[in-house]
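# Remarks on the overall topology
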Amino acid sequence: MHVIIEPPSPCPTPWSHRITPTLTVWGRDMPSFHGFGAIGVVAAFLFAMRLSLSLGLSPGAVLFLMGLAAFTFWAHSLAVKILPLKESFVYLRHVVTLVPALLLSGMVLGLRSPLAYTEVIMLAIGLLQAIGRFGCFMAGCCHGRPHRWGICYGGGHVATGFPAYLKQVRLFPVQPVEAIWGLLCVAAGSGLLLAGYPAGSGLSSYLVLYGLGRFFLEFYRGDAARAYLGPLSEAQAFSLLFMFVVLLGEATRAIPFFSWHALAFALPATTGAVLAVSPSRRQTARLFRPAHVRELAARLSWFGTETEGQTPPHGENQPAIVLTATASGVRISTESLEHMGAPISYIAFSSQGHCLPQRDARKLARLCLRLIKQPAALFFEGRPGIFHVFAGDIAIVSSMANTSRLHLSEHALPTPRAKHP
């Protein structure tokens, strides 16, 4: 038996009210994402001009290539809309088209070092992307997963497209973490160039460092509209691809060699290999993917404030909750109960295909607790592989735990009428 307690305040960050989907600029409202995007464009332009002058590159050529990069970005986005692909912004997907386009354009223009111009533009775009992530943080897009520590989004964000099932749920602030990491990557890449390292050093180091951070930060991303390639997300697969291409270029001496690039690649590559060959780890990863979290939230919406007024009153006429299963094979049943006159949310779950490990079950129970926005829960395993959660007020849950510590009985806990096979 285990008592799970969540932080008492749903939104612990004192400045959370400042995280709004809109900004007021000179008396006019504008989307936060557009505001930070504009700041990023100006910063990227100034950064590219200053870096090109420091490296002795032609500012005119840099300006032309920046315009070409903007056109390539627009053409890529248009192609995604026309082709039968899911429309979404994936930064690394754009890098696939931007780098070759800039290199080929530099060759056609007869520039002295197309690679040097390409990495200046790409580092500037990296700066734009990092600043844009702060806009994502304000708007609520590209958000993190439910977490013990983080930020909450409210009704204003829901009105602009934020998922309602995550309203007032603590989410890991993955956007500003990625933004800060992106700024550090840009600083590292540009620092190598300013220190006199050969052309290619800055871009290759940026791609390796950014890929390393992005690979592991993907495990904290919580937006459900994410494509997966086997056990890895699309962004994780692209991160590994770029790091591998950099190592291949270094092996063929097309770009300068750095031994730490191989070590940086080994970390995510090993993690990806373990996920690929370990069925248990793949199953665990599927349980906490954003799409499965959304499925769980739909089944737990019985307890949500959005369905308030639709829940039938307690009594004999209250129907038992129908047992359902998620796409990942988690069977779940829910029921509203009372204990000592206080409401209790009862959840039972198990796995269809295999016996759910207790470690995963405990993490799943904590996730359910966050989704239904309850402060505490009593968690225990009944029959092997079947886990029970009684969630409610901390005092009531503590009382249930104390009276049931030695022996679980029908007198110690409220008896759910919905049976869980």
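Going by the structure above, here's the rest.
The present account deals with the structure reproduced in this document. (Residues numbered from 1 in each chain as written. Predicted model: local features only at pLDDT ≥ 70, side-chain atom pairs only at ≥ 80, totals over all residues. Heavy atoms only, no water.)

### Overview of helix 1 (residues 32-55)
Here is the rule we go by: Only DSSP runs of H or I reaching four residues or more are called helices, and only runs of E reaching two or more are called strands; each is numbered from the N terminus. Between the first and last residue of a helix there are one fewer steps than residues, each counted as 1.5 Å, and that sum is the expected span. Exposure classes here rest on a 1.4 Å probe applied to the protein chains alone. A residue is buried below 20% of its type maximum, exposed above 50%, and partly exposed in between.
With 24 residues, helix 1 extends 34 Å between its outermost C-alpha atoms, agreeing within 8% with the 34 Å of an ideal straight helix rising 1.5 Å per residue. Those residues of helix 1 that sit buried are Ser 32, Gly 35, Gly 40, Ala 44, Phe 47, Ala 48, Met 49, Leu 51 and Ser 52. At the C-terminal side of helix 1, Gly 56 shows a positive phi close to 75 degrees.

### Some points on the side chain of Ser 52
Worth spelling out the cut-off: By definition, residues are in contact when any of their heavy atoms lie within 4.5 Å.
Relative to the helices and strands, Ser 52 resides in helix 1. Given the relative accessible area of 0%, Ser 52 is considered buried. Beyond its immediate sequence surroundings of up to four residues, Ser 52 is in contact with Leu 57, Pro 59 and Val 62.

### Regarding the packing of aromatic side chains
Stated formally: Pairing of aromatic side chains here covers Phe, Tyr and the six-membered ring of Trp, requires ring centres within 6.5 Å, and sorts the geometry by plane angle: under 30 degrees stacked, over 60 edge-to-face, intermediate tilted.
Evaluated as defined, the whole model comprises 16 aromatic pairs. Here Tyr 153 and Phe 162 contribute two aromatic rings whose centre-to-centre distance is 4.9 Å and whose plane-to-plane angle is 50 degrees, an arrangement assigned as tilted. When the centroid spacing of 6.1 Å and the interplanar angle of 10 degrees are considered together, the rings of Phe 380 and Phe 390 count as stacked. With Phe 380 in strand 10 (residues 376-381) and Phe 390 in strand 11 (residues 387-392), the pair connects residues that are 10 residues apart, well separated along the chain.

### Some remarks on the state of the cysteines
We apply this condition: Two cysteine sulfurs form a disulfide in these notes if their separation is within 2.5 Å.
Under the counting rule described, the total for this entry stands at zero disulfides. Cysteine Cys 141 remains unbridged, with the sulfur of Cys 136 as its closest cysteine sulfur at 3.6 Å.

### Some thoughts on the sheet that holds strand 1 (residues 2-5)
Strand pairing in a sheet takes place through backbone hydrogen bonds and is either antiparallel or parallel in direction. Here is the rule: Note: two strands are recorded as paired if DSSP finds a minimum of 2 bridges between them.
The antiparallel open sheet is built from six strands, whose spatial order is 1-10-11-9-8-7. Two strands in the sheet have a free side with no partner beyond their single neighbour: strand 1 and strand 7 (324-325). By the bridge criterion, six bridges tie strand 10 to strand 11 in an arrangement that is antiparallel. Looking at the pairing, Leu 378 lines up with Phe 390 of strand 11.

### Thoughts on the packing of helix 11 (residues 290-300) against helix 12 (residues 358-371)
The condition that has to hold: To get an axis, a line is fitted to the C-alpha atoms, and for a helix only the part in contact is used. The angle between two axes follows their N-to-C directions and goes from 0 to 180 degrees. Throughout this description, any angle smaller than 35 degrees is read as roughly parallel, any larger than 145 degrees as roughly antiparallel, any in the 65 to 115 degree range as roughly perpendicular, and the remainder as oblique. Each crossing is labelled by how the near helix is turned from the far one, with a counterclockwise turn of less than a right angle marking it left-handed and a clockwise turn marking it right-handed. Three classes are used, and their members are as follows: Ala, Val, Leu, Ile, Met, Phe, Trp, Tyr, Cys and Pro are nonpolar, Asp, Glu, Lys and Arg are charged, and the others, Gly among them, are polar.
In the contact formed by helix 11 and helix 12, the axes pass within 10 Å of each other and the chain directions differ by 60 degrees. Here helix 12 runs oblique to helix 11, going by the angle between their axes. You can see that helix 11 and helix 12 cross each other, and the crossing is right-handed. Contact residues: helix 11 offers Val 293, Leu 296, Ala 297 and Leu 300, while helix 12 offers Leu 364, Leu 367, Cys 368 and Leu 371. Residues of the contact of helix 11 with helix 12, tallied by class, amount to eight nonpolar, no polar and no charged.

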